[in-house]
Structures are given as C-alpha cells and as structure tokens.
Amino acid sequence: MSRLTEMGVEPFLTASAVDCVIAQRLVRKLCEYCREAYPTTKEMLERLGFACEGTVRRAGFRHGQWHDMCIYGMLRQEWGGTIA
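Residues numbered from 1 in each chain as written. Predicted model: local features only at pLDDT ≥ 70, side-chain atom pairs only at ≥ 80, totals over all residues. Heavy atoms only, no water.

Focus on the overall build of the chain
Each helix and strand counted, the chain has 3 helices and 2 strands in total. In the chain, the succession of helices and strands from N to C terminus is α-α-α-β-β. Each of the 84 residues in the chain was classed as buried or not, and the buried ones make up 5%. Partitioning the intrachain contacts of the chain with sequence separation of at least 6 by distance along the chain shows that 21% fall at a separation of at least 24. Summing over all exposed atoms, the chain offers an accessible surface of approximately 8,000 Å²; the carbon and sulfur share of this is 57%. (Helix = DSSP H or I, 4+ residues; strand = E, 2+ residues; numbered from the N terminus. Buried < 20%, exposed > 50% of the residue type's maximum accessible area, 1.4 Å probe, protein only. Contact = heavy atoms within 4.5 Å. Areas by Shrake-Rupley, 256 points an atom, 1.4 Å probe, with all protein chains shown as cover.)

Quick look at the structure:
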C-alpha cells in the first residue's frame, strides 16, 4: 500500500479499494493445512545481512514432524535500504 501512496494515490482511496477487494472476496487466504512454507535457507538470510539471534526448539508441528524455528533479525541502523 505504501507503493500506491508513493505513486500519488490518496490514502483514503487506497483504503476504499482494499475494503472493496476484501468485500468481494477477490483475495483468498490459505488455511494452515493448505499453505506451504517458503523455503528460505540460513545462507540466504545471512547473505542479506540478517544475523541469527537464536533457535526455538520444536516450535512448530507440521506434516507429522516437529520443526525448529531460527530467529533472524537486523537492526534498523544496519538496514541500507529505505524503510516504508
């Protein structure tokens, strides 16, 4: 939505458009059982500048197995891009 504002679309028009899209069910949401995880690797996150801050053991149960969750983060001062 910030991209629309950058293009010159007024915020109240953006909000109305989003309400219309949701009301007409043009956007669908996948349930927990249907969705698939995006396969992000640790190497990819570290190459982008994120640092591993810790690991939560057995954080999620999916497809009959427990999975660990690695927590990655980056400080605002370390970010070289623009923040919307």
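Moving on from the model shown.
With respect to unusual backbone geometry
Phi at Arg 58 is positive, roughly 50 degrees, even though this residue is not glycine. Assignment of secondary structure puts Arg 58 in strand β1 (residues 51-62). Its relative accessible area of 51% is what places Arg 58 among the exposed residues.

Examining the pattern of salt bridges
Applying the stated criterion across every chain yields a total of 1 salt bridge. For the salt bridge of Arg 57 with Asp 68, the shortest nitrogen-to-oxygen distance reads 2.8 Å. In this pair, Arg 57 is assigned in strand β1 and Asp 68 in strand β2 (residues 65-73), connecting sequence segments 11 residues apart. Residue class for Arg 57 comes out exposed when judged on its relative accessible area of 59%. (Salt bridge = Lys/Arg side-chain N within 4 Å of Asp/Glu carboxyl O.)

Thoughts on a nonpolar patch on the surface
Taken together, the side chains of Val 56, Met 69 and Ile 71 define a hydrophobic patch exposed on the protein surface, amounting to about 220 Å² of accessible area. Mapping Ile 71 onto the fold places it in strand β2. (Patch = residues over 30% accessible without salt bridge, like charges linked within 9 Å, V, L, I, M, F, W, Y side chains within 5 Å.)

As for the confidence of the model for the chain
On average, residues of the chain score 76 in pLDDT, and 82% of them are at 70 or above. Mean pLDDT values for the elements of the chain range from 73 in helix α1 (residues 2-6) up to 85 in helix α3 (residues 42-47). (pLDDT = per-residue confidence, 0-100.)

So, the pairing of β2
The sheet contact formed by β1 and β2 spans 8 bridges and is antiparallel. Looking at the pairing, Thr 55 lines up with Cys 70 of β2. Hairpin geometry of β1 and β2 is characterised by an intervening segment of 2 residues between the two adjacent antiparallel strands and by a positive phi of about 55 degrees at His 63. (Pairing = 2+ DSSP bridges.)

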